[in-house]
Amino acid sequence: MSLWEYANPKKFMQLSGKVMPWTILLTILVLGIGLVWGFFFTADDYKQGSTVKIIFIHVPTAMMAINAWVMMLVASLIWIIRRHHVSALAAKAAAPVGLAFTLIALITGALWGQPMWGTWWAWDPRLTSFLILCLFYLGYIALWAAVEDQDTAADLTAVLCLVGSVFAVLSRYAVKFWNQGLHQDSTILKVGEKDPIAAAYYIPLLICALGMVLLFVSLVLARTRNEIRARRLAALLARERSL
Amino acid sequence: MIPDLGKYAAAVGWSYAAFIVIIGGLIALTIYQRKSVRRALKEVESRMGRHDV
């Protein structure tokens, strides 16, 4: 059996219909445990006070904001190379989810930054590249909505996705490329190295990150199913009109 | 049960509220779209006598 068989809308609907209840259940379980642990059962940090609880939302959503764009990039490349409609629709379905994660990361970052840095916003490489990524998400969604022919829209948005990928990469590595600004480098992968994050925060943070991945998968599956149905509805209506 | 968030209660509270509102809104929108597109599809399919997807 080939992976490409699931590019068939009917097969995708069958498989996703079976998988989705489990991903939803796992999302509720894992994200619930992570957020409850992070919010209720972690002590205040000696420097950051209770604002440390914001990392359980900020870090996983920021991570997923970038990963969502990477997923859209892969789906767009599949569309460009193999012309599988499900991949184009999956990219379309993922965009609002990625935008939601980006907005949450920007808002929670500002809410954390004000008491810790003394400012809501700074034109720092990480923050600025994230804002540009947010604008790319908006542009991508607007482009899908603006073009009537869905195949043309898929082509144009795929190109936009390729261009936007530069900013998705910049968002992740901005701190490393330009070692300046307020935002610190990632601490998640530095456990055991210099300046590690304490295990008391690290474990619930990892659980929240896994929960956000599951939330993303569940939402993208649900929204892709909606898009496939909407595409079929449009095709049937067009056929009905032509009769 | 609610932890004492001290002077940063507003920042922490608004962060969790933003997450709940944005993700909750997206879930609600997804469910609404699912219902409306399924209803419309059923209507058209019953008119045309097709039940494939």
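Whatever comes next refers back to the structure up there.
Residues numbered from 1 in each chain as written. Chains lettered and ligands numbered in written order. Predicted model: local features only at pLDDT ≥ 70, side-chain atom pairs only at ≥ 80, totals over all residues. Heavy atoms only, no water.

Trainee: Report on the interface of chain A and chain B, specifying residues and quantitative values.
Mentor: At the junction of the two partners, chain A supplies 44 residues and chain B supplies 32 residues. Both sides together, the interface formed by chain A and chain B hides about 3,400 Å², and carbon and sulfur atoms give 76% of it. It is Phe39(A), Arg229(A) and Arg232(A) in chain A that bury the most area against chain B; as a group they hold 18% of the surface buried on that side. Our count for the chain A to chain B interface comes out at 2 salt bridges. At the junction of chain A and chain B, the tally comes to 6 residue pairs in polar contact (both at pLDDT 80 or more). (Contact = heavy atoms within 4.5 Å. Buried area = accessible area lost by both parts, 1.4 Å probe. Salt bridge = Lys/Arg side-chain N within 4 Å of Asp/Glu carboxyl O. Polar contact = N/O pair within 3.5 Å; in protein donor to acceptor, adjacent residues only side chain to side chain.)

Trainee: Please provide a residue-by-residue account of the pattern of salt bridges, values included.
Mentor: Residues and elements named next belong to chain A. Scanning the entire structure with this criterion turns up 5 salt bridges over all chains. A salt bridge links Glu227 to Lys92; the nearest nitrogen and oxygen atoms lie 3.1 Å apart. One end of the pair, Glu227, is in helix α6 (residues 199-242); the other, Lys92, is in helix α3 (residues 85-117), and 135 residues separate them in sequence. (Helix = DSSP H or I, 4+ residues; strand = E, 2+ residues; numbered from the N terminus.)

Trainee: Describe the state of the cysteines, naming the residues involved and giving the relevant values.
Mentor: All names here are of chain A. Tallied over the full model, the rule gives 0 disulfides over all chains. With no disulfide of its own, Cys134 has Cys161 as its nearest cysteine by sulfur position, at a separation of 15 Å. The exposure class assigned to Cys134 is buried, which follows from its relative accessible area of 6%. (Disulfide = S-S within 2.5 Å. Buried < 20%, exposed > 50% of the residue type's maximum accessible area, 1.4 Å probe, protein only.)

Trainee: Break down the packing of aromatic side chains for me, citing the residues and quoting the values.
Mentor: Residues and elements named next belong to chain A. Under the criterion given, the structure shown has 9 aromatic pairs over all chains. Ring plane angle 80 degrees and centroid distance 4.9 Å describe the contact between Phe39 and Phe40, whose orientation is recorded as edge-to-face. Accessibility expressed as a relative area gives 26% for Phe40, which makes it partly exposed. For the pair Trp121 and Trp123, a centre-to-centre distance of 5.4 Å together with 80 degrees between the ring planes defines the contact as edge-to-face. By relative accessible area, Trp121 is classed as partly exposed at 27%. (Phe/Tyr/Trp six-rings, centres within 6.5 Å; stacked < 30°, edge-to-face > 60°.)

Trainee: Explain a nonpolar patch on the surface to me, and be specific about the residues and the numbers.
Mentor: Together, Leu26(A), Leu29(A), Ile33(A), Val36(A), Trp37(A), Phe41(A), Ile203(A) and Met1(B) make up a nonpolar patch on the protein surface, roughly 820 Å² of accessible area in all. Tallying contributions element by element places helix α1 (residues 9-40) of chain A first for the nonpolar patch, with 5 residues. Position of Leu26(A) among the secondary structure elements: in helix α1. (Patch = residues over 30% accessible without salt bridge, like charges linked within 9 Å, V, L, I, M, F, W, Y side chains within 5 Å. Areas by Shrake-Rupley, 256 points an atom, 1.4 Å probe, with all protein chains shown as cover.)

Trainee: Help me get a handle on the side chain of Ser129(A), residues and values and all.
Mentor: Position of Ser129(A) relative to the elements: it lies in helix α4 (residues 125-146). One polar contact links the side chain of Ser129(A) to the main-chain carbonyl oxygen of Pro125(A), over a distance of 2.9 Å.

Trainee: So what about empty space enclosed by the protein? Which residues, and what values?
Mentor: Residues and elements named next belong to chain A. Here the structure, examined in full by the defined rule, presents 1 cavity of 30 Å³ or more. Counted as a void, the largest cavity has a volume near 30 Å³. Taken together, Ser76, Trp79, Ala88, Ala91, Tyr140, Trp144, Ala154, Thr157 and Ala158 make up the lining of the largest cavity. For the lining of the largest cavity, the elements supplying multiple residues, two or more each, are α2 (55-82), α3, α4 and α5 (150-177). Counting residues per element, the lining of the largest cavity draws most heavily on α5, which supplies 3 residues. (1 Å grid on protein atoms, 1.4 Å probe; cavity = no way out; pocket = protein on both sides within 12 Å on 5 of 7 lines; lining within 4 Å. Points joined across faces, edges and corners; volume = space filled by probe spheres on them.)

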